[in-house]
Amino acid sequence: FDYSPIVGTLVAKSMSSFVGFGGGIGLGGAGLASSQTLQPLDVLVVQANTNVLSSHFVSLACLLWLSRQVDLLDPPSLEDEA
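Rules of the game
Residues numbered from 1 in each chain as written. Predicted model: local features only at pLDDT ≥ 70, side-chain atom pairs only at ≥ 80, totals over all residues. Heavy atoms only, no water. Helix = DSSP H or I, 4+ residues; strand = E, 2+ residues; numbered from the N terminus. Buried < 20%, exposed > 50% of the residue type's maximum accessible area, 1.4 Å probe, protein only. Areas by Shrake-Rupley, 256 points an atom, 1.4 Å probe, with all protein chains shown as cover. pLDDT = per-residue confidence, 0-100. Contact = heavy atoms within 4.5 Å.

### Structural notes on the overall build of the protein
Along its length, the protein carries three helices and zero strands. In the protein, the succession of α and β elements from N to C terminus is α-α-α. Buried positions account for 10% of the 82 residues belonging to the protein. When the accessible surface of the protein is totalled, it reaches about 6900 Å², and 67% of it is carbon and sulfur.

### Quick word on the confidence of the model for the protein
Residues of the protein with pLDDT of at least 70 account for 68%, and the chain-wide mean is 74. Of all helices and strands in the protein, the one with the weakest mean pLDDT is helix α2 (residues 30-36) (53), whereas helix α3 (residues 40-72) scores best (91). Low pLDDT, under 50, characterises residues 21-32; the predicted model gives this stretch four contacts beyond four residues in sequence or across chains.

### Notes on the environment of Leu38
Within the secondary structure, Leu38 sits in the loop between α2 and α3. Placed 26 residues apart in sequence, Leu38 and Ala12 show a C-alpha to C-alpha distance of 9.9 Å.

### Focus: the environment of Val7
For Val7, the position within the fold is in helix α1 (residues 4-19). Residue Val7 is classed as buried on the basis of its relative accessible area of 12%. Spatially, the C-alpha atoms of Val7 and Val43 are 6.3 Å apart, while their sequence positions differ by 36 residues. Excluding its chain neighbours within four sequence positions, the residues that come into contact with Val7 are Val43, Val46 and Gln47.

### Points about the environment of Ile6
Relative to the helices and strands, Ile6 is located in helix α1. When the C-alpha positions of Ile6 and Val46 are compared, they lie 8.4 Å apart, and in sequence the two are 40 residues distant.

Here is the structure:
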């Protein structure tokens, strides 16, 4: 999975809001503009969430593959060995 375009877009938006090219500055009340601007922490939250989702997917895929490999091994005999 490649989430770098999403993170790149968020980084670009957060950097543009610091430079002064952001969309919310001067268009309305200061309370609305400050609550709707992209914070730098938002980028880290998105990156952390995508890392967690990716790691869970990889671990699930590994678990299923390993379970299949164990099932393909020679199963123990059900007969009593006397």
